[in-house]
Amino acid sequence: MAGRKGNTDQSYTPLGTKAPTWSSPQATRRRNIDNFFNPIEQGDKSLRLSDSRPPQKSKAQLDVEAAATEARESQRLKYKAQAGASFFSSVEGGGNSLHLTSGRVCGQNNPADRSPESPSKPVEEQPVETEQTEDKNQDARKESLTLPLEGQTSEDETKKRPKKEGGELGGDEMRGLLYSNVSVEEPSSETAQNRLLIKGGRIVNADRMFDADIYIEDGIIRQIGENLITPGGAKQIDAKGKLIIPGGIDTHTHMEMPFMGTRAVDDFYHGTKAALAGGTTMIIDHCLPQKNQSLLEAYEDWSTRAAERACCDYSFHVGITWWSEEVKKEIEVLCKEKGINSFKMFMAYKGLFMLNDDEIYQAMCALKEQGALALMHAENGHLINECCKKMLALGITGPEGHELSRPEEVEEEATTRAIVIANQAQCPLYIVHVMSKSAANAITKARREGKVVFGEPIAASLGVDGTHYWDKDWSHAAAYVMGPPLRPDTTTPGYLMDLLANGDLQLTGTDNCTFNPDQKALGRDDFTKIPNGVNGAEDRMSVIWEKGVYTGKMDPCRFVAVTSTNAAKIFNFYPKKGVIQIGSDADLVIWDPNATRKISKDTHHHAVTVNIFEGMVCHGVPLVTISNGRIVWEDEQLHVTQGAGRFVARGVHAAEAYAKILIRDKVRVPQGVDREAYDGPVWNSANAPANNISKSAPKPTFSQDRPSTRHGHRDLHASGFSLSEMGPRYSGNQVDDNVRAKVGHKVLAPPGGKTSIIF
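Now for a quick tour of the structure. Just so it is clear, the model here is predicted, and its values are computed rather than measured. (Residues numbered from 1 in each chain as written. Predicted model: local features only at pLDDT ≥ 70, side-chain atom pairs only at ≥ 80, totals over all residues. Heavy atoms only, no water.)

## What to know about the overall build of the protein
Next, step 1: Scanning the protein for helices and strands turns up 22 helices and 22 strands.
Next, step 2: A buried classification covers 50% of the 759 residues belonging to the protein.
Next, step 3: By sequence separation, contacts in the protein at least 24 residues apart represent 77% of the contacts at least 6 residues apart.
Next, step 4: Taken as a whole, the protein presents about 36,800 Å² of accessible surface, with 50% of it coming from carbon and sulfur. (Helix = DSSP H or I, 4+ residues; strand = E, 2+ residues; numbered from the N terminus. Buried < 20%, exposed > 50% of the residue type's maximum accessible area, 1.4 Å probe, protein only. Contact = heavy atoms within 4.5 Å. Areas by Shrake-Rupley, 256 points an atom, 1.4 Å probe, with all protein chains shown as cover.)

## Some details on the sheet that holds strand β13 (residues 280–287)
Next, step 1: Spatial strand order, β10-β13-β14-β15-β16-β17-β18: seven strands in an open sheet with parallel pairing. A single partner strand is all that each edge strand has here, and the edge strands are β10 (248–253) and β18 (453–455). For this sheet, the mean angle separating the axes of adjacent strands, direction not counted, is 25°.
Next, step 2: Of the strand pairs in this sheet, strand β16 (residues 373–377) and strand β17 (residues 429–431) are connected by three bridges, and their pairing is parallel. Paired with Ala374 across the strands is Leu429, a residue of β17.
Next, step 3: The strands touched by helix α14 (residues 408–425) are β16, β17 and β18; relative to β17, the strand with the most contacts, the crossing angle is about 170°. (Pairing = 2+ DSSP bridges. Axes fitted to C-alpha atoms, helices over the stretch in contact; angles between N-to-C directions.)

## Some details on α14
Next, step 1: Taking 1.5 Å per residue as the helical rise, α14 with its 18 residues ought to reach 26 Å, and the 26 Å between its terminal C-alpha atoms agrees with that figure.
Next, step 2: For α14, every residue scored as buried is listed here: Val410, Glu411, Ala414, Thr415, Arg417, Ala418, Ile419, Ile421, Ala422 and Ala425.
Next, step 3: Those residues of α14 that are buried lie in contact with α11 (357–370), β16, α12 (381–393), β17, α15 (437–448) and β18.
Next, step 4: Among the residues trailing α14, Gln426 stands out with phi positive, at a value near 55°. (Expected span 1.5 Å × (residues − 1).)

## Describing the packing of aromatic side chains
Next, step 1: Here the structure, examined in full by the defined rule, presents 15 aromatic pairs.
Next, step 2: Judged by centre distance (5.5 Å) and plane angle (85°), the rings of Phe259 and Tyr349 are edge-to-face. On the criterion of sequence distance, the pair formed by Phe259 in strand β11 (residues 258–259) and Tyr349 in the loop between β15 (342–346) and α11 is long-range, its members being 90 residues apart. Per residue, the accessibility class of Phe259 equals that of Tyr349, and both read buried.
Next, step 3: Feature note: the residues Phe268, Tyr299, Tyr314, Phe316 and Phe647 constitute an aromatic cluster, connected by ring pairs.
Next, step 4: Lying across the ring of Tyr349, Arg406 places its NZ or CZ 5.5 Å from the centre.
Next, step 5: Positioned over the ring face of Tyr574 is Lys569, at 5.1 Å from the centre of the ring. (Phe/Tyr/Trp six-rings, centres within 6.5 Å; stacked < 30°, edge-to-face > 60°. Lys NZ or Arg CZ within 6 Å of the ring centre and 35° of its normal.)

## Remarks on the pattern of salt bridges
Next, step 1: Across all of its chains, the model carries 31 salt bridges by this definition.
Next, step 2: Taking the shortest distance from any N to any O, the salt bridge between Lys235 and Glu634 comes out at 3.3 Å. Of this pair, Lys235 sits in strand β8 (residues 235–238) while Glu634 sits in strand β21 (residues 630–634), and the two are 399 residues apart along the sequence.
Next, step 3: The buried category is assigned to Glu634, whose relative accessible area is 17%. (Salt bridge = Lys/Arg side-chain N within 4 Å of Asp/Glu carboxyl O.)

## Quick look at the side chain of Arg305
Next, step 1: By secondary structure assignment, the location of Arg305 is in helix α9 (residues 295–309).
Next, step 2: Those residues in contact with Arg305 that sit more than four places away from it in its chain are Glu256, Arg263 and Phe268.

## Some words on the environment of Thr609
Next, step 1: Secondary-structure assignment places Thr609 in the loop between β19 (588–598) and β20 (617–627).
Next, step 2: Exposure remark for Thr609: the relative accessible area of 42% places this residue in the partly exposed category.
Next, step 3: Counting along the chain gives 93 residues from Thr609 to Asn516, while the straight-line C-alpha distance between them is 6.0 Å.
Next, step 4: Setting aside its immediate chain neighbours within four residues, Thr609 contacts Asn516, Pro517 and Lys601.

## Quick word on the nonpolar core
Next, step 1: If you look at the biggest cluster of nonpolar residues, it comprises 98 residues, and the most contacted ones within it are Ile320, Phe343, Met345, Met364, Met376, Leu429 and Phe559.
Next, step 2: Counting residues per element, this core draws most heavily on helix α21 (residues 556–570), which supplies seven residues.
Next, step 3: For Ile320, the contacting residues outside a window of four places in its chain are Val327, Ile331, Phe343, Lys344, Met345, Phe353, Leu355, Ala363 and Leu367.
Next, step 4: Counting residues in each nonpolar core, the second largest holds 35 residues, with Ala264, Ala460, Ile612 and Cys618 among its members. (Core = buried A, V, L, I, M, F, W, Y, C linked by side-chain atoms within 4.5 Å.)

## Quick look at the sheet that holds β21
Next, step 1: With mixed pairing, the seven strands of this open sheet are ordered in space as β5-β4-β9-β19-β20-β21-β22. Strand pairing shows two members of the sheet lacking a second neighbour, β5 (209–211) and β22 (637–638), which therefore form its edges.
Next, step 2: By the bridge criterion, eight bridges tie β19 to β20 in an arrangement that is antiparallel. The residue bridging Lys598 from the neighbouring strand is Val617, located in β20.
Next, step 3: Sitting on the sheet, α21 is in contact with β4 (202–204), β5, β9 (243–246) and β19, with an inclination near 30° to β9.

## Here's the deal with the side chain of Arg664
Next, step 1: Structurally, the position occupied by Arg664 is in helix α22 (residues 655–667).
Next, step 2: Despite being buried, Arg664 has no salt bridge partner; Asp665 is the closest side chain of opposite charge, sitting 8.1 Å away.
Next, step 3: Leaving out residues up to four positions away in the same chain, Arg664 has contacts with Gln426, Gly450, Val452 and Val669. (Lys, Arg positive; Asp, Glu negative; His and termini not counted.)

## Here's the deal with the environment of Lys291
Next, step 1: The residue Lys291 is located in the loop between β13 and α9 in this model.
Next, step 2: For the pair Lys291 and Leu352, spaced 61 residues apart in sequence, the C-alpha separation works out to 6.9 Å.
Next, step 3: What Lys291 contacts, discounting residues up to four positions off in sequence, is Thr321, Trp322, Gly351, Leu352, Phe353 and Met354.
Next, step 4: Side-chain polar atoms of Lys291 contact the backbone oxygen of Thr321, separated by 2.8 Å. (Polar contact = N/O pair within 3.5 Å; in protein donor to acceptor, adjacent residues only side chain to side chain.)

## Focus: the pairing of strand β6 (residues 213–217)
Next, step 1: In terms of burial, β6 is a largely internal element, five of the five residues being buried.
Next, step 2: Alignment of strand β3 (residues 195–199) against β6, held across four bridges, turns out to be antiparallel. By the bridge assignment for β6, Arg195 is matched with Glu217.
Next, step 3: Here five bridges tie β6 to strand β7 (residues 220–225), and the two strands are oriented antiparallel to one another. Directly across from Glu217, in β7, lies its bridge partner Ile220.

## A look at unusual backbone geometry
Next, step 1: In the segment running from Gly483 into Pro484, the intervening peptide bond is cis, with an omega of -10°.
Next, step 2: Of note, the amide linkage connecting Tyr574 to Pro575 takes the cis form, showing an omega dihedral of 5°.
Next, step 3: By the element assignment, Pro575 lies in the loop between α21 and β19.
Next, step 4: Even without being a glycine, Asp511 presents a positive backbone phi close to 55°.
Next, step 5: Relative to the helices and strands, Asp511 is located in the loop between α18 (492–502) and α19 (517–520).
Next, step 6: Positive phi outside glycine occurs at Glu636, with the angle close to 60°.
Next, step 7: Among the secondary structure elements, Glu636 is positioned in the loop between β21 and β22.

## Section: empty space enclosed by the protein
Next, step 1: Within this structure, the stated rule accounts for 10 cavities of 30 Å³ or more.
Next, step 2: Volume-wise, the largest cavity comes out at about 140 Å³.
Next, step 3: Taken together, 17 residues line the largest cavity, and the ones lying closest to its centre are His254, Phe259, Tyr349, Asp511 and Asn532.
Next, step 4: Residue classes in the lining of the largest cavity are distributed as eight nonpolar, seven polar and two charged. (1 Å grid on protein atoms, 1.4 Å probe; cavity = no way out; pocket = protein on both sides within 12 Å on 5 of 7 lines; lining within 4 Å. Points joined across faces, edges and corners; volume = space filled by probe spheres on them. Nonpolar A, V, L, I, M, F, W, Y, C, P; charged D, E, K, R; others polar.)

Here it is, written out as structure tokens:
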């Protein structure tokens, strides 16, 4: 990739980046510093993610804000002093004469990568600091700078002052820039770790690409531009020749999910750790209650486990696995109090998760009332149940029976039916794991008709096909069993990628729900008992780049859209995540589009011991993953902390899902016809005669309905023959059937009747 060409977008140039002129008066220097800090001092305005007006605040809230303002003012003065020192050292060439910090770099000081008690897989050893490194850090901490107070001078302080042409910067001039009576201490290692400066990369958002540097502090993107003026103590990352993209968002995972008599081996620790290694910085998992279990109870259980183990940020879809008025009330609580705005339903898994059509409609109406999004697993559960019986009766018990019992048309039918139900309820619909051409076509057709529906293909359906179900190795074939199944049509992955690249499908997930071979073996004699699920959280980004960008089907901007931005918009946490802009979370990936890696179960970071992408070589590799401003993946090493992930609450009525629907609610209200009331007679069933219809209809009697000819017989051309047996006219009888035939009867007229024509 070529070097930087400069940032042509002026909106991303921060204040105070113009190099100062040292012939300017002292006031100009002070103004340069003020211009830089104005956005920080007014952070509540400049970094606000919502334009809505705040509500009236109570006295208690005002007191809290006053205390926060006082603390922020103290921190502001400290930052100004630090920036002033860096300002002199960088512009006047005094970088070696004035250091605010020489502490450790971000990432080396992170807590150890701890593992929960799990027999699945040992955790990587984290790099530890050597004694030599520790000695250097001790020496660095001795270099802390204390600026001289007014009236104080010393030889050491004089040596540390920056120089300018013609001599040393005077004490009064120094105090004029940095403000008097300010003492600057070396930032702690914790503070230094919270500051990152990424230089020389090309930023890729869903709408455009541009060259710029990024300054990160306290997990937030603070500046974007060139020649940034930043406080000292930041670790610099050289991204020259690389892409900087928003962290991936996996919209579909099932971490440590109990299912089909076992539990997924990727728990929230191993699953999110693997996701970070692959460039994904947030997941949306599924909280699925059992039949008749409280949705709130299940949500609290899932939340507790995720909070203890997740290494990256997360949120939840909550499943609606049964329906009642109590469920409807809990949906309202989850939306208003728990930050949940998406709920998943199943048309499959009869007897476990499946809802009937009337229940789905009622649930969608309830979701529409709350402004939530309906997710649907679209397969016809009734047909699947019958087809499974058929396959087993034929003696087909292996993994191939899984696909044969869930053919493509079963997915297509359910997808179409879900779209119809959602359209009648006027509820936005999200079809999860689109696995077939026909289901994708149903979504495409509905969107072109104006229906609000989103389609989510997954890494598996975009990267592999269903021919593996017929592999001679049972364990290999069983590893690919998932619902809906992968399709044996080898052109399906490419077809789905085309629709994804062109906007007919919107975003990608993984359906990461992993089971080891011994767990899959629960269905060794019956394919219906094989736990459904595959991996994908770590490999999704590379697989989509390989199959989409590297093949020329999509550009890097579309890649960002389908792996991050569209998810943040649809599920309503944009621009907190899904974009690189000032004020957004510092979830970033430094991506090397030219590097390659070979996917293998031996090198991946999942707890599962198989990988459905085994042996695939992918172009496009995450070099550095940054989660909430901290480096968690660098030099092919993880630096994660169990439980560091934060829950991301999501508001209802996401614009991406509800903007059109809310307008339609106003302009497409059904209207009745204004007409006069009917005042005529009304039939009264109470006065109707008793039912006297006989059990068998009487045999019809024949009657002549044609006039007789003058000779007493019908003319041969006047046939009354009919094939019907509904009555005399249609009985098939002839008008003279009752006339006894005469032997030797003389024909007076030729066939066709007598003629009077004279020849």
